[in-house]
Amino acid sequence: MSEPVQEQLKQAYELIRAQKRKEAIALLLPILRVDEDNANAWWLLANALGDPNDAREALQNVLRLRPDH
């Protein structure tokens, strides 16, 4: 994973902690468009989403990529 992507994931994490979920989602979606196999981005997205069904879908992607997670 590139350093810029790692920095964006860190920023998304901080935004989620600050309850700025929309801003976090705006950082995460472009990452997932480029790399749909980024389990860290899916995990953060699951935590940023407000809709439980959407969060479940994101978590299913985490499990698809990391079954032992």
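An account of the accompanying structure is given in this report. (Residues numbered from 1 in each chain as written. Predicted model: local features only at pLDDT ≥ 70, side-chain atom pairs only at ≥ 80, totals over all residues. Heavy atoms only, no water.)

1. Some thoughts on the side chain of Asn38
- Relative to the elements of secondary structure, Asn38 occurs in the loop between α2 (21-34) and α3 (39-48).
- A polar atom in the side chain of Asn38 sits 2.9 Å from the backbone nitrogen of Ala41.
- Setting aside its immediate chain neighbours within four residues, Asn38 contacts Met1, Val5, Leu9, Ile31, Leu32 and Leu65. (Helix = DSSP H or I, 4+ residues; strand = E, 2+ residues; numbered from the N terminus. Polar contact = N/O pair within 3.5 Å; in protein donor to acceptor, adjacent residues only side chain to side chain. Contact = heavy atoms within 4.5 Å.)

2. Regarding the packing of α3 against helix α4 (residues 52-65)
- Two elements in contact, α3 and α4, have axes whose closest approach is 8 Å; the angle formed by their N-to-C orientations is 155°. As far as their axial angle goes, α4 and α3 are roughly antiparallel. α4 is crossed by α3, and the crossing has left-handed handedness. Contacts between α3 and α4 pair Ala39, Trp42, Trp43 and Ala46 from the former with Ala55, Ala58, Leu59, Asn61, Val62, Arg64 and Leu65 from the latter.
- Classifying every residue of the contact of α3 with α4 by side-chain character gives nine nonpolar, one polar and one charged. (Axes fitted to C-alpha atoms, helices over the stretch in contact; angles between N-to-C directions. Parallel < 35°, antiparallel > 145°, perpendicular 65-115°, else oblique. Left-handed = near helix turned anticlockwise from the far one by under 90°. Nonpolar A, V, L, I, M, F, W, Y, C, P; charged D, E, K, R; others polar.)

3. A word on helix α1 (residues 3-17)
- The end-to-end C-alpha distance of α1, which contains 15 residues, comes to 21 Å, matching closely the 21 Å that a straight helix rising 1.5 Å per residue would cover.
- Looking at α1, one finds that the buried residues are Leu9, Ala12, Leu15 and Ile16. With its buried residues spanning 120° around the axis, α1 presents them on a single face. Opposite the buried face of α1, by more than 90 degrees, sit the exposed residues Glu3, Pro4, Lys10 and Arg17.
- Taken together, the buried residues of α1 touch α2 and α3. (Expected span 1.5 Å × (residues − 1). Buried < 20%, exposed > 50% of the residue type's maximum accessible area, 1.4 Å probe, protein only. Arc of directions from axis to C-beta.)

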